[in-house]
Amino acid sequence: MDKVLEQITDVLTNPRMHAEFLDGIWETVYATVAATAAACLLGLLLGILLVVGEKDGVRPLPAPVMKVLNFVINVLRSVPFLILMLMVLPLSKVLVGTRVGTIASIPPLIIAAAPFVARLVESTLREVDKGVLEAAQAMGCSPFQIVWKVILPESLPALIAAATTSFITILSYGAMAGAIGGGGLGKIAINYGYNKYNYGVMLVSVVLIVILVQLIQSIGTHLALRLDRRVRLAEKKGRLREIQKKERTARRRPGI
Amino acid sequence: MIELRQLSKTFPTSEGSFDALKDVNLTISDGDIFGVVGMSGAGKSTLVRCINLLERPSSGQVLIDGQDMTALAPKQLRQMRRSIGMIFQQFNLLMQRTCLKNICFPMEIAGMDAAQARQKGMQLLEIVGLPDKAGAYPVQLSGGQKQRIAIARALASDPKVLLCDEATSALDPTTTRSILRLIQDINRRMGITVVIITHEMAVVEEICSHVAILDHGRVMETGTVEEVFQNPQTEAGRRLVYPDGVRLDQLSAANVVRIAFNGGSSYEPLIASLAIDCGVKVNILGADTRNVNGQAFGTMLLGLPQDGTEAAKALAYLRAQPDVTVEEVPDYHG
Ligand SMILES: Nc1ncnc2c1ncn2[C@@H]1O[C@H](COP(=O)(O)OP(=O)(O)O)[C@@H](O)[C@H]1O
Ligand SMILES: [Mg+2]
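Only a predicted model underlies this, so the values are computations on that prediction, with no experimental measurement involved. (Residues numbered from 1 in each chain as written. Chains lettered and ligands numbered in written order. Predicted model: local features only at pLDDT ≥ 70, side-chain atom pairs only at ≥ 80, totals over all residues. Heavy atoms only, no water.)

Focus on the overall build of chain A
When helices and strands are counted, chain A shows eleven helices and zero strands. C-alpha extents for chain A along the principal axes are approximately 70 × 50 × 25 Å. Put simply, chain A has 256 residues, and 46% of those count as buried. Nonlocal contacts in chain A, meaning residues at least 24 apart in sequence, comprise 69% of its contacts between residues at least 6 apart. On chain A, the mean spot of the 28 positive side-chain charges and the mean spot of the 17 negative ones are 3 Å from each other. (Helix = DSSP H or I, 4+ residues; strand = E, 2+ residues; numbered from the N terminus. Buried < 20%, exposed > 50% of the residue type's maximum accessible area, 1.4 Å probe, protein only. Contact = heavy atoms within 4.5 Å. Lys, Arg positive; Asp, Glu negative; His and termini not counted. Charge placed at Lys NZ, Arg CZ, Asp CG, Glu CD.)

In structure tokens form, the structure reads like this:
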């Protein structure tokens, strides 16, 4: 116990450690933001296709296309992240020229997270009231207008909540990537903490990750709630708790 | 003018196919307020959704001003839909848009200049009586107010036709009346043809000029509201016009019977069940009955229908009742 305290003190006072952790935070934030942005974009597109293209959707796509899309997403969703990452690293070599480091971990993160985001987006977009879609159709909206002017704006608050969940998921994937050559706080926790029996370093890394998650979660939840015109101000507090509870269960998924 | 010709709609279901509409023929003239009334599940929503092709008919034609809707390419269909406004039971407003933005939506879709759309939106808010709700979100409105915004939105694209699918069914009676007044006002002032779908005869009675009675996907009868109300020709019509039994004041009496109550249940249920069980309407010509502890005593003079078979049916029904004796009165002079 004393040893851990000593290690923590070292982390807090040693300028070399400060620099190390600052780098780690930066790398984690940078990789997570980049991967989240790309995965959300990709996932949003796929999610829209999944909803719009189904049999009685706004713009049905050929059934075989939907079958393949669903199959690929399910396969990618079921491969454990670490294994997927190892499988995709050669791609990183091609794309960014290296298999190790923060940048190399971004393509696997995107590929691992996009299918997850796609399903999240899919279930979010399905929440839009069928009656509203019908009204839009009756007013002469084209399928594109229905997506762009009805489905997306109507589910914006829920999409922001989904993006928050995605960010946090990708953050934890990124920390795992530290075990196989990725950068950031995950690498510090494993390489300098776990591998060198420095539990102080490990603990500090974990605390920093937890703080990051909490920060993003509250920003996301507040933003989502603020933009939600379906709830009156007085109800927002109760709804906030509800959303937070939902997100906690959403994060407790296998493979994350 | 809206013409439905031999319109049928069949839905595939797990137990085979289901005919929601069967050979529907209807003509709705310009400027009419046309009611389509029927029990729940009669196919009313399917019918109205076929008019703007939200539902594609399995066979038949939907002609609007002579243009067959079913023959239009998607783009032309969207164009055509802009001249057909629609309002719904659940209002179906965009929850993330303010009222004004909801009303501007159809104009935005049609590519109208934003400032111009805004101005027209404000005028429409005025017309539906909610000029102060421009910046409010739908969640802040009552049901009646939401429907007013939905009406304003439907009017934004200057439609020729307004389709109303159970537009007042989620509202209380007072609000229903005010919404119906508004629709009537719009019909008169702008000359918009209105199609009203409802399961409530009272709605039809309140504002419709013509009515069609729909039952099990078929149009049972159609005509002016007066015609159908005064003399419904079909069982489905009578069920809707007289939900609580027979209207007794419109029959001419020919065969008259005197019935005596010997202490059964009171007489109203008997007359009502006569109407429901045999579909026969009788006329009460006179009565001298007393209710003693919920039991009926006394006599009543009933006029049976002129139609011989109906009269015989009624007579047989009355004779089969316990605690009632029936006696024909051959030379009754009212
Ligand atoms: N998409 C559908 N698939 C199968 N059956 C349907 C569908 N839509 C409506 N129906 C059936 O058609 C009948 C008429 O429905 P609807 O037009 O909604 O009736 P109403 O509006 O008069 O209550 C109902 O029995 C309903 O179950
Ligand atoms: Mg209906």
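Regarding the site of ligand 1
Residues and elements named next belong to chain B. Near ligand 1 the following residues occur: Phe11, Phe18, Ala20, Met39, Ser40, Gly41, Ala42, Gly43, Lys44, Ser45 and Thr46. In this structure, an oxygen atom belonging to ligand 1 sits 2.7 Å away from a main-chain N or O atom of glycine 41. Lysine 44 has a polar backbone atom sitting 2.8 Å from an oxygen atom of ligand 1. For ligand 1, whose accessible area on its own is 560 Å², the fraction buried by protein is 61%. By residue number, the principal contributor to the shell around ligand 1 is helix H1 (residues 44-51), which donates three residues. Of the residues that constitute the shell around ligand 1, the class distribution is five nonpolar, five polar and one charged. (Near = heavy atom within 4 Å. Polar contact = N/O pair within 3.5 Å; in protein donor to acceptor, adjacent residues only side chain to side chain. Areas by Shrake-Rupley, 256 points an atom, 1.4 Å probe, with all protein chains shown as cover. Nonpolar A, V, L, I, M, F, W, Y, C, P; charged D, E, K, R; others polar.)

Remarks on a nonpolar patch on the surface
Residue and element names in this part refer to chain A. A cluster of nonpolar residues, Trp26, Tyr30, Leu91, Leu95, Val96 and Ile103, forms a patch on the protein surface that exposes about 570 Å² of accessible area. A total of three residues in the nonpolar patch trace back to one element, the largest contributor, which is helix H4 (residues 81-96). With respect to the helices and strands, valine 96 occurs in helix H4. (Patch = residues over 30% accessible without salt bridge, like charges linked within 9 Å, V, L, I, M, F, W, Y side chains within 5 Å. Salt bridge = Lys/Arg side-chain N within 4 Å of Asp/Glu carboxyl O.)

Re helix H5 (residues 102-125) of chain A
All names here are of chain A. End to end, H5 covers 32 Å across 24 residues, agreeing with the expected 34 Å (1.5 Å per residue, within 8%). At alanine 113, H5 shows its strongest bend, of approximately 30 degrees, with the proline proline 115 following within four residues. The element H5 is largely enclosed, with a buried count of 21 among its 24 residues. (Expected span 1.5 Å × (residues − 1). Bend = angle between axes of the 7 residues up to and from the residue.)

A word on unusual backbone geometry
Residues and elements named next belong to chain B. One non-glycine residue, aspartate 23, adopts positive backbone phi at about 45 degrees. Relative to the helices and strands, aspartate 23 is located in strand E2 (residues 16-28). Since its relative accessible area comes to 38%, aspartate 23 is described here as partly exposed. Non-glycine residue aspartate 65 carries a positive phi angle of around 50 degrees. One can find aspartate 65 in the loop between strand E4 (59-64) and strand E5 (67-68). Given a relative accessible area of 45%, aspartate 65 falls into the partly exposed group.

Section: the confidence of the model for chain B
For chain B, the average pLDDT comes to 89, and 93% of its residues sit at 70 or higher. The ipTM, which scores confidence in the relative placement of chains, is 0.87 for this predicted complex, and the corresponding pTM is 0.81. (pLDDT = per-residue confidence, 0-100.)

Focus on the nonpolar core
Core analysis: the biggest nonpolar cluster contains 74 residues, and Leu4 and Met69 of chain B have the highest contact counts within it. It is H5 of chain A that contributes the most residues to this core, ten residues altogether. In this structure leucine 4 of chain B touches Val24, Asn25, Leu26, Leu47, Ile51, Gln61 and Val62 of chain B, once residues within four positions along its chain are discounted. Counting 51 residues, the second-largest nonpolar core is a separate cluster that includes Leu93, Cys99, Ala152 and Val203 of chain B. (Core = buried A, V, L, I, M, F, W, Y, C linked by side-chain atoms within 4.5 Å.)

Topic: empty space enclosed by the protein
All names here are of chain A. As enumerated under the stated definition, the model contains four cavities of 30 Å³ or more in all. As for the largest cavity, its lining consists of 15 residues, of which Thr28, Ala31, Gly174, Ala175 and Gly183 are closest to the centre. Listing elements by their share of the lining of the largest cavity, those giving two or more residues are helix H2 (15-52), H5, helix H8 (156-177) and helix H9 (185-194). A class-by-class count of the residues in the lining of the largest cavity yields six nonpolar, eight polar and one charged. (1 Å grid on protein atoms, 1.4 Å probe; cavity = no way out; pocket = protein on both sides within 12 Å on 5 of 7 lines; lining within 4 Å. Points joined across faces, edges and corners; volume = space filled by probe spheres on them.)

A word on the sheet that holds E2 of chain B
Residues and elements named next belong to chain B. On the basis of which strands lie adjacent, the open sheet formed by four strands has the order E2-E1-E4-E5 and antiparallel pairing. Of all the strands in the sheet, the pair left with one neighbour each is E2 and E5. As defined by bridge partners, strand E1 (residues 2-13) adjoins E4 across five bridges and the pair is classed as antiparallel. Counted as the bridge partner of serine 8 is serine 59 from E4. (Pairing = 2+ DSSP bridges.)

Brief notes about the packing of aromatic side chains
Residues and elements named next belong to chain A. Overall, the coordinates contain three aromatic pairs over all chains when judged by the stated rule. Taking 5.5 Å as the distance between ring centres and 20 degrees as the angle between the ring planes, the aromatic pair formed by tryptophan 26 and tyrosine 30 counts as stacked. Of the two residues, tryptophan 26 and tyrosine 30 both sit in helix H2, four residues apart, roughly one turn of that helix. What makes tyrosine 30 partly exposed here is its relative accessible area of 33%. Ring plane angle 5 degrees and centroid distance 4.4 Å describe the contact between phenylalanine 81 and tyrosine 173, whose orientation is recorded as stacked. Placement of phenylalanine 81 in helix H4 and of tyrosine 173 in helix H8 is noted, with a sequence separation of 92 residues between them. Residue classification places phenylalanine 81 among the buried residues on the basis of a relative accessible area of 4%. (Phe/Tyr/Trp six-rings, centres within 6.5 Å; stacked < 30°, edge-to-face > 60°.)

Re the interface of chain A and chain B
Frequently, the measure chosen for interface size is the accessible area removed from exposure when the parts meet. Contact with chain A, which involves 23 residues of that partner, is made by 22 residues of chain B. Interface area for chain A against chain B, summed over the two sides, is near 2,100 Å², with a carbon-plus-sulfur share of 57%. Linking chain A with chain B are two salt bridges, by the criterion used here. Note that arginine 49 of chain B and glutamate 134 of chain A form a salt bridge whose closest N and O atoms lie 2.5 Å from each other. Remark: the boundary between chain A and chain B carries eleven residue pairs in polar contact (both at pLDDT 80 or more). Looking at the side of chain A that touches chain B, the elements with two or more residues in it are helix H6 (130-138) and helix H7 (143-154) of chain A. Its residues assigned to classes, the side of chain A that touches chain B comprises ten nonpolar, five polar and eight charged. (Buried area = accessible area lost by both parts, 1.4 Å probe.)

Points about the pattern of salt bridges
Residues and elements named next belong to chain A. Throughout the structure, instances matching the rule amount to 18 salt bridges over all chains. Measuring nitrogen to oxygen at the nearest pair gives 2.9 Å for the salt bridge that ties arginine 119 to glutamate 122. Pair noted here: arginine 119 and glutamate 122 are both in helix H5, with a separation of three residues, about one helical turn. Judged by relative accessible area, which is 18%, arginine 119 ranks as buried. On the basis of relative accessible area, glutamate 122 is assigned to the buried category, the value being 12%. A cluster of three or more residues bridged by salt bridges with shared partners is formed by Glu54, Arg119, Glu122 and Arg126.

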